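Coordinate inspection notes
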Amino acid sequence: MRRFARVALLCLGCGVCSLLYGFSQLALSLEQEPGGGRERQARDPAAPGARAAAGSAGRGEAEAGRLFLSYPVRCKNVSVSFWNSYWMLPSDVCGKNCFWEAAFRYNYMKTHPSEKMHLAVVACGERLEETVTMLRSAIIFSIKPLQFHIFAEDQLHESFKNILDGFTSEKVNYTLYPITFPTESAAEWKKLFKPCASQRLFLPLILKNVDSLLYVDTDVLFLRPVDDIWSFLEKFNSTQIAAMAPEHEEPRIGWYNRFARHPYYGVTGINSGVMLMNMTRIRRKYFKNDMTPVRLQWGEILMPLLKKYKLNITWGDQDLLNIMFFHNPESLYVFPCQWNYRPDHCIYGSNCKEAEEEGIFILHGNRGVYHDDKQPTFRAVYEAIKNYSFGEDLVHSLLQPLELELQKTTHTYCGRVYKVFVKQLTKSIRDLYARRSKGR
């Protein structure tokens, strides 16, 4: 009898293993298209300036920008823990209602990461040159293909096309969008803080087919590959939907903790000039708030927040984000200051320890420091990247001239620590040349 029970148990185990193997093959086969490709290209007909880059036919559309929106046919690229049961996942993440698919999907994503990084920027007024310089910095070092989503005033579109068509490639594509706000409240959003600034709040609602997105202000410069900040998406836990850096490292000079008349995140608030978003999670989440006991989704909470706090906010949309994450702190991933290094980190003395140790990863020249003489260290980096021509030697045409200019800025607090401005840049150039050597 005991021997019979062992045989039955062994058969049962083999049957379960066979069943699980069948489920795994089914899940993987559904991830692929009939032709064997994992992804497909889709054109968004509603996106102004979009064009499909399909050989010479795509290039023939003179009025179109470039658009490659690649996404898995069935499952969206959302971080899922092995222990997430299916009911915790968004309804359109997996098509099969079973626990095991979450596990299979997790392994699939680990071995097949998203092949395209989406970067968004909002440009209005005199921000054309600044925006183009930011895009150039992203192109120089990045490894995986980039998809730019550029929201700009109509009069800037032609200029963007003329410039970007000159240095886009198979690894770089762009789409131009008009500035748009909800019709019933467009006037209020347009006048909030700076023109067009609040557009970033509506990106999850406009770019509905984009799963994850890196938003940056026009005055941002990448000193290392975009791939590296993009990788933070993999570090999000199951509740985190966005990543930002603190507004200040030193509370004694912090703005929010000294002057804010509204709730804000953490000790010194957060800065939204560099914002990494899992937009699928943002669209799905219901947010706690101080207006109603009922949790509200992203599209439902923005206007009520503005109505309640519009007389108390100074920095517009950034303040609204601070209020939102004050009530939902579990939803934010905070990355170190070197990923959003601003004049405040050095004008009163160096207070970003991570940058001192490893260098600046992303430079954020807010307060217009790229265009005046108040902070020549920031301006020197901006001018060096703006004047660099693709294809030139990065050491002789960018790094060495920049170091000479930075040495002239040591009379300022930021100039005294000028080496943090080139430490990571030097490493990025070295790594880029190493990758090129291996690729030969």
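Just above, that's the structure.
Here we summarise the structure given alongside this text. Only a predicted model underlies this, so the values are computations on that prediction, with no experimental measurement involved.

1. Focus: the state of the cysteines
Under the definition given, this model contains three disulfides. Covalent S-S linkage joins cysteine 337 and cysteine 352, the inter-sulfur distance amounting to 2.0 Å. Across the S-S bond linking cysteine 337 and cysteine 352, the dihedral sits near 95°, which makes this disulfide right-handed. Pair noted here: cysteine 337 is in the loop between β10 (332-334) and α13 (353-358) and cysteine 352 is in the loop between β10 and α13, with a separation of 15 residues, a long-range link. Of the residues examined, cysteine 352 reaches a relative accessible area of 0% and is grouped as buried. Disulfide partner of cysteine 346: cysteine 414, at an S-S distance of 1.9 Å.

2. Some words on the pairing of strand β3 (residues 117-123)
With seven of seven residues buried, β3 is to be regarded as a mostly interior element. Across seven bridges, β3 lies against strand β4 (residues 146-152) in parallel orientation. The partner of histidine 118 across the bridge, within β4, is glutamine 147. Traced from β3 through helix α4 (residues 128-141) to β4, the parallel crossover comes out right-handed.

3. Section: the nonpolar core
Core analysis: the largest hydrophobic core is formed by 43 residues, its most contacted members being Trp189, Leu203, Leu213, Met277, Leu302, Leu320 and Phe325. If one sorts the elements of this core by residue count, helix α11 (residues 298-309) sits on top with seven residues. Those residues in contact with leucine 320 that lie beyond four places of it in its chain are Trp189, Leu192, Leu201, Leu305, Leu306 and Ile313.

Thresholds, definitions, all that
- Each chain carries its own residue numbering, running from 1 in the written order of its sequence.
- Only residues with pLDDT of 70 or above have their local features reported here, since the model is predicted, and side-chain atom pairs are shown and tallied only from 80 upward, although totals for entire chains, interfaces and linings are computed over all residues.
- The basis for every side-chain value is the complete set of non-hydrogen atoms in the structure, without hydrogens or water.
- What counts as a disulfide here is a pair of cysteine sulfur atoms lying within 2.5 Å.
- Under the scheme used here, helices are H or I runs from DSSP no shorter than 4 residues and strands are E runs no shorter than 2 residues, and both carry numbers assigned from the N terminus.
- Only protein chains enter the accessibility calculation, which uses a 1.4 Å probe; a residue is then buried when its area is under 20% of its type maximum, exposed when over 50%, and partly exposed in between.
- Strands are treated as partners if at least two bridges between them are detected by DSSP.
- Looking down the strands as they point away from you, a crossover is right-handed if its path from the first strand over the helix to the second goes clockwise.
- Nonpolar cores are built from buried Ala, Val, Leu, Ile, Met, Phe, Trp, Tyr and Cys residues. Side-chain atoms within 4.5 Å join them into one set.
- We call two residues in contact when some of their heavy atoms are within 4.5 Å.

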